[in-house]
Amino acid sequence: MNDDLRNIVLGLIAAGISAVLGWLARTYLWRRKLRRKQAFFGLPDNSESLLVVNREAGGPELTVMRHDVFALLELAALIKDCHAHAQVVAHDAAQQGFGERTEFCVGGPASNRRMAAHLASLLPGIRVNVDAEPGPDRGAFQIGSERYRLEPGKDEYVLLARLTAGERREARPVFLFCGQRAITNAAAARYLARNHERLSRKYGGNSFVLLLKVVNSQAYGPDVVEVVGDVTRAAQEPLPAPPANGKRSTHRAS
C-alpha cells in the first residue's frame, strides 16, 4: 500500500469515526433533552395522561369548542413528544384522585368542577368570581391582596400551574390552565409549549403557579402573553373568609 492510498484509507476511517461519534453525541443530547421533558411533565415512555375539559367542551358527545381545541392540540403535541398517551375526559367524569397519572385540566371553576376541586385542595389563596350577573368583578381573580379584573378582548388573565401533592417522588403532576375566558386557556397552553424548557430549568420538579396576562386578544388572539408574576406563595396561603352577604358570587379556593 503506497502512502497516498494509506492516507485515503486513514481519512475515510477518521471520517467514519467522527460521524459515529457525532451521531452518538447527538443521540445522547436528544435523549437527555427528552428525559428532562418527560420528567417535567411526569410522562415517561408509554405512560397515560388525562386531558380534562370543561362543561362547554363536555356536551353529550364531548363536543369541543374552538379555543378549547387549540389548547388540547398544544397539549396533545407535548404528550406525543414525550412518547406518552392521552385520554380526553369531561370534567364531571374524571372522578379519581391525582398523582397516579399526569393531568392537564382546562377551564375555570365556573364551568369545570374538576378545576374547582383542584383550586380548593391545592391553591387556597385564590378566589375566582363566578357570578353569572354582569359586573366589574365578574370573572376577577383575587390572589392574596391583589385583584385582577377581566377586560374582555383587552386584558385577560389566566393561571398556569404545575402542582404535585404529597412527598411521593413518583407522583405525577397536575397542570392547571385556569383562565377568565376560553382564549386565555389556549394562550396558557401555548405558553407552556413554548417555554417548558425554561420552566423546567427554573423549577425542576417543584410546584409553581404563574399569573399570565393575555394582551389584546381581539387583535392578536392567544399569541401575546405577558408574565405578571410567580404567585406560588400567595396562592398556597389561605385567604380570610369573605364577608357573609348572602350572595354566592365568588368561588373561594379553600
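Above: the structure in question.
Each value, and the rule that gives it
Residues numbered from 1 in each chain as written. Predicted model: local features only at pLDDT ≥ 70, side-chain atom pairs only at ≥ 80, totals over all residues. Heavy atoms only, no water. Patch = residues over 30% accessible without salt bridge, like charges linked within 9 Å, V, L, I, M, F, W, Y side chains within 5 Å. Areas by Shrake-Rupley, 256 points an atom, 1.4 Å probe, with all protein chains shown as cover. Salt bridge = Lys/Arg side-chain N within 4 Å of Asp/Glu carboxyl O. Helix = DSSP H or I, 4+ residues; strand = E, 2+ residues; numbered from the N terminus. Buried < 20%, exposed > 50% of the residue type's maximum accessible area, 1.4 Å probe, protein only. Pairing = 2+ DSSP bridges. Phe/Tyr/Trp six-rings, centres within 6.5 Å; stacked < 30°, edge-to-face > 60°. Lys NZ or Arg CZ within 6 Å of the ring centre and 35° of its normal. Lys, Arg positive; Asp, Glu negative; His and termini not counted. Charge placed at Lys NZ, Arg CZ, Asp CG, Glu CD. Polar contact = N/O pair within 3.5 Å; in protein donor to acceptor, adjacent residues only side chain to side chain. Axes fitted to C-alpha atoms, helices over the stretch in contact; angles between N-to-C directions. Expected span 1.5 Å × (residues − 1). Bend = angle between axes of the 7 residues up to and from the residue. Contact = heavy atoms within 4.5 Å. Core = buried A, V, L, I, M, F, W, Y, C linked by side-chain atoms within 4.5 Å.

(A) Structural view of a nonpolar patch on the surface. A surface patch of nonpolar side chains, amounting to about 1,100 Å² of accessible area, comprises Leu5, Ile8, Val9, Leu10, Leu12, Ile13, Ile17, Val20, Leu21, Trp23 and Leu24. For Leu24, the position within the fold is in helix H1 (residues 3-41).

(B) Examining the pairing of strand S4 (residues 126-129) more closely. With burial as the criterion, each face of S4 is covered, one bearing Ile126 and Val128 and the other bearing Arg127 and Asn129. As judged from the three bridges shared by S4 and strand S5 (residues 141-143), these two strands associate in the antiparallel manner. Paired with Arg127 across the two strands is Gln142, which belongs to S5.

(C) Geometry of the packing of aromatic side chains. Evaluated as defined, the whole model comprises eight aromatic pairs. Judged by centre distance (5.3 Å) and plane angle (40 degrees), the rings of Phe41 and Phe175 are tilted. Residue Phe41 is found in helix H1, and its partner Phe175 is found in strand S8 (residues 174-179); the two are separated by 134 residues along the sequence. Under the relative-accessibility criterion, Phe41 is labelled buried at 0%. Take Phe175: its relative accessible area is 0%, and that puts it in the buried class. One Lys or Arg, Arg162, reaches over the ring of Phe40 and ends 5.3 Å from the middle of that ring.

(D) Spotlight on a positive patch on the surface. On the surface, Arg32, Arg36, Arg198, Arg201 and Lys202 cluster together into a patch of positive charge. Those elements giving two or more residues to the positive patch turn out to be H1 and helix H4 (182-203). No other element matches the three residues that H4 contributes to the positive patch. For Lys202, the location among the structural elements is in helix H4.

(E) Spotlight on the side chain of Ser47. Within the secondary structure, Ser47 is located in the loop between H1 and strand S1 (48-53). Polar side-chain contacts of Ser47 include one of 2.7 Å to the backbone oxygen of Pro44.

(F) Representation of the sheet that holds S8 within the structure. Taken together, the seven strands give an open sheet; going across it, the order is S2-S1-S3-S8-S7-S9-S10, and neighbouring strands pair in mixed fashion. Two strands in the sheet have a free side with no partner beyond their single neighbour: strand S2 (85-90) and strand S10 (225-230). Adjacent strand axes in the sheet meet at a mean angle of 20 degrees when their direction is disregarded. Examined bridge by bridge, strand S3 (residues 102-106) and S8 share four bridges and lie parallel to one another.

(G) Region of interest: H4. Across its 22 residues, H4 extends only 27 Å between first and last C-alpha, which sits more than 12% below the 32 Å expected from 1.5 Å per residue. Residue Asn195 marks the point of greatest curvature in H4, where the axis turns by about 70 degrees.

(H) View of the environment of Glu237. Relative to the assigned elements, Glu237 resides in the loop between helix H6 (232-236) and strand S11 (250-252). Judged by relative accessible area, Glu237 falls into the partly exposed class, the value being 46%. With near-sequence residues (within four places) excluded, Glu237 lies in contact with Pro124 and Gly125.

(I) The nonpolar core, seen in detail. Core analysis: the biggest nonpolar cluster contains 30 residues, and Phe41, Leu75, Phe104, Phe177, Leu192 and Leu199 have the highest contact counts within it. Breaking this core down by element, the ones donating at least two residues are H1, S1, helix H2 (66-81), S3, strand S7 (155-163), S8, H4 and strand S9 (208-215). Here the element with the most residues in this core is H4; it accounts for eight residues. Setting aside residues up to four positions removed in sequence, Leu75 forms contacts with Leu51, Phe104, Val106, Phe177, Ala189 and Leu192. With 25 residues, the next largest nonpolar core counts Leu50, Val89, Cys178 and Ala235 among its residues.

(J) Region of the structure containing the pattern of salt bridges. Using the criterion set out here, one finds 12 salt bridges in the structure. Two residues, Asp81 and Lys37, come together in a salt bridge whose shortest N-O distance is 3.3 Å. Note that Asp81 is positioned in helix H2 and Lys37 in helix H1, a separation of 44 residues in sequence. Judged by its relative accessible area of 14%, Lys37 falls in the buried class. Between Glu156 and Arg181 there is a salt bridge whose closest N-O contact spans 2.4 Å. You can see Glu156 sitting in strand S7 and its partner Arg181 sitting in the loop between S8 and H4, a full 25 residues away along the chain. If you follow the salt bridges from partner to partner, you end up with Glu74, Arg190, Arg194 and Asp223 in one network.

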